[in-house]
Amino acid sequence: MQKSYDATRITVEPLIDGQLTDSIWNGLPVGDHFSMLAPRNGDPERKTHKTEFKIAYTDEALFIAAYMYDPLGTSIRKEYTQRDNVPQTDYIVLDLNTYNDGENQTRFVVTTAGGMADARMKANNQDYDFNVIWDAAVSMDNRGWYAEIKIPFSSLRFPKASEQIWSMQLGRIISSLNETYMWSPVDKSVGIIPHYNGLLKNIRNIDPPLRLGFYPFISGGTDYYKGKFKGFFNAGMDIKYGINDAFTLDVTLVPDFGQTAYDEIELNLGPFEQTFGEKRAFFTEGTELFNKGNLFYSRRIGATPLDYYTAIDETSNGEELLENPEETTLLNAFKISGRTEAGLGIGFFNAITAVERARYRNTETGEIRERITSPLTNFNIFVLDQQFKNRSSISFVNTNVLRDGNFRDANVSAGLFDLYTKGSAFNISGEAKLSDLHLTTSDQLGFASQLAVQRSKGRFRYGLAHEFADRNFDINDLGVNFTNNYNNFFWNTSYQIFEPQGPFNQYKIELYGNHQRRYRPSMAVRTGFGSRFTAVTTQRFSFGGFLDFNTPYRDFFEARTLDRFILYPENFIGDVWISTDYRKRFAIDSRFLMSQFINSNFKKFRLSTTPRYRFTDQISVQYAFSFEKELNRDSYVAHQEEEIIFGNRDRVSLENSFQAIYNITTVQAVSLSFRNFWTVAKFVNDKYSRLQENGVLTAYDYSVNEENNPNARFNIWNLDLRYNWRFAPASELSILYRNGVSILDTQKDSSFAESSDYLFSQPLKHHLSIRLVYYFDYNNLKRIFE
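What counts and how
- Residues numbered from 1 in each chain as written.
- Predicted model: local features only at pLDDT ≥ 70, side-chain atom pairs only at ≥ 80, totals over all residues.
- Heavy atoms only, no water.
- Core = buried A, V, L, I, M, F, W, Y, C linked by side-chain atoms within 4.5 Å.
- Buried < 20%, exposed > 50% of the residue type's maximum accessible area, 1.4 Å probe, protein only.
- Helix = DSSP H or I, 4+ residues; strand = E, 2+ residues; numbered from the N terminus.
- Contact = heavy atoms within 4.5 Å.
- Pairing = 2+ DSSP bridges.
- Axes fitted to C-alpha atoms, helices over the stretch in contact; angles between N-to-C directions.
- Salt bridge = Lys/Arg side-chain N within 4 Å of Asp/Glu carboxyl O.

(A) Seen up close, the nonpolar core. By size, the foremost hydrophobic cluster in this structure holds 38 residues, and its most contacted members are L62 and L200. Contributions of two or more residues to this core are made by strand 4 (51-57), strand 5 (61-69), strand 6 (91-97), strand 7 (104-111), strand 11 (144-152), strand 12 (163-174) and strand 14 (198-204). Non-local contacts of L62, meaning those with residues more than four positions away in its chain, are made with I55, A56, Y57, L96, I149, K150, I151, F153, W166, L200 and I203. F296, L330, F379 and A414 belong to the second largest nonpolar core, which has 25 residues in total.

What follows is the structure, given as structure tokens:
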């Protein structure tokens, strides 16, 4: 039975101090009788650890008082964290779904130390890059701990109605007991947790306030490289405007991304580009609609210019390359998104990047010439997403890239559906995508599709899936697809427990397989099958692994030539991993992976481990080590006349990274992070071959010199030292010092120590910057002037 709670209107706001001594809390109805979510789903709460809450509201905000009783009292462990970092201590979770659609909701988290986190929830997925304006405080006594929360209505989207009926869930995580409780009971074996929300009722006669916020910023600093200082200054503003009760406009004017974290760059010897996660807040906050169909890779915006490398190769005799920007400049961007009362989500995103030019100087005449490497470009996305109460949805997505001048344009459209049967016993999902490239000489139409049927209820589950793409399918102007021209089939089955059994809180056993084919010409690429096991013990020790077998593999990409492939032999690949209890001061994650190709000397293994230690509730460190070795891989080297040349390659990689953080308070922190990645790839002398039409290699006399040396050594170092102070809601001061250096050459026999000595003999790039952003709420400004 679905629970409900009636909120109470009040006329005087409580002081948000966590003490819960304000008189307004007296006499309000109590929400109680929580039940266990994990590990024993459905058990009633312990009498010693009862949880209660009360909810009130004014014309401007919602207020929540939460009482978490615990015999540990003031001995309950606290761990300081910054915004959106959830620690391994006790905390409460409040989920609000203002449209009661069973799908989209906002999550608010408060920890025993007063730490705050918020996320946009879709199904069971949490996006902590999403941020709203709210406040919370906590206190403790010998009976337990308490939280007081204020959520301004200007931070929420909700329909205009005489009574708001929202769905709500409140959960409590008790770290010392390893138990999770929910106010509205949940059956883990059926559907997803948001489907079990209770109702929050009796919020009457409130008008959605004007949602208008300004985020002006200033930033400045200096770069130092090769004995020269270069200062910089930037100022701009982000604006967030509630168009109506459902839709929001986000705009970034003169954006500044100078303090984003560094990318974890590696030496890329494969046929595909290296991709990186998005670290720019504007492209991570509130973008769940735009990620429908996986057509949006936001790093395309502000990426390396289209003709950056062509400009390097185009330098003629007697010329020097004076300037060739490595990134395109984002001029501005905006996004509009929201969902109607009928469950229709609408999103529109647009961004414009500037013209970039390479500049050359004739060394004899001094004449300057320019070449456009990236034209003025417009990127946009349009999304429609209709959701239904049984968590089903249908969607339409269109992405478009328009470039000024004689450059390619692109348009991609997709139709998606995600349907559940009554009772959520089965799920049927599918996609159909059409890409349309407007090239300089012709147009290119491509098509891709996906269909999957899954059993989504009970311990025993199974599914079938099919994926297809023709050879013209290409979404890489605003998305990412590494491959096309495929016709693949997949199956899976699994068994999992939802209640503790013996030493296990949970475990899952999976069997799966696939048959991958080339669409045209139709031929088998590879067939594989395998199994996976994951488990968590009652002591929160996690472990698992997988073992796969694959038949001979026709690799159509390593040859870097259309419709040519190299035939790799069948292989086994497997790994094992462990993860210990994060509640303890010391915890460690480790993984070992090994791949062996049958009747071949080609093998690979990788070992990674990440120990972490918490010195105090404010200071913690983490170290990550990874070692990978690949032996006797037949790898692409070059094209020579009509031949495709391969060589036998060994590769060794070593990565070390370290992170430390001192959380001065929950709003101030000093953090240090560094990373060093080193790799050497070397080819065996006189062991080169040419690729035949059937994918087999035969010996070939290939002469290596300084110009065509295929060996590679890469070494990179990055260090960030950062201070952050969130001195007011959505307002922050950040100071960053960064240095970095990298080398890429053909030295193949260099040891790690020798390579590191050479790396640090190079000039480091130093960066120091200060950034200040302050949030202004229109409603507060209006009250001040009134």
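(B) Representation of the pairing of strand 27 (residues 443-455). Bridging between strand 26 (residues 426-438) and strand 27 involves 13 bridges; their strand directions are antiparallel. Each bridged residue has a counterpart across the sheet, and for S429 the counterpart in strand 27 is A452. With 7 bridges joining them, strand 27 and strand 28 (residues 460-469) adopt antiparallel strand pairing. For Q454, the partnering residue across the bridge sits in strand 28 and is G463. Hairpin connection from strand 27 to strand 28: 4 residues lie between these consecutive antiparallel strands, with G458 at a positive phi of about 90°.

(C) Examining the sheet that holds strand 22 (residues 368-374) more closely. The strand order across the open sheet built from 3 strands is 18-21-22, with neighbouring strands paired in antiparallel fashion. Each edge of the open sheet is held by one strand with a lone partner, namely strand 18 (319-323) and strand 22. Taken over all neighbouring pairs, the strand axes of this sheet differ in orientation by 30° on average, direction set aside. Across 4 bridges, the pairing between strand 18 and strand 21 (residues 356-362) is antiparallel. If you follow E320 over to strand 21, its bridge partner there is R361.

(D) Local environment of the pattern of salt bridges. Summed over all chains, the structure comprises 47 salt bridges. Here D477 makes a salt bridge to R403, at a shortest N to O gap of 2.8 Å. Of the two residues, D477 sits in the loop between strand 28 and strand 29 (486-496) while R403 sits in strand 24 (residues 393-403), which places them 74 residues apart along the sequence. For D477, a relative accessible area of 6% corresponds to the buried category. Overall, the relative accessible area of 11% leaves R403 in the buried class. Note that R675 is salt-bridged to E655, the shortest N-O span being 2.8 Å. Residue R675 is located in strand 40 (residues 668-691), and its partner E655 is located in strand 39 (residues 643-663); the two are separated by 20 residues in the primary sequence.

(E) Focus on the environment of V401. Among the secondary structure elements, V401 is positioned in strand 24. According to the relative accessible area criterion, V401 is buried, its value standing at 2%. In sequence terms V401 and S542 are 141 residues apart; their C-alpha atoms lie 45 Å from each other. Among all residues touching V401, those that are not within four sequence positions of it are T377, N378, F379, D409, A410, D477 and L478.

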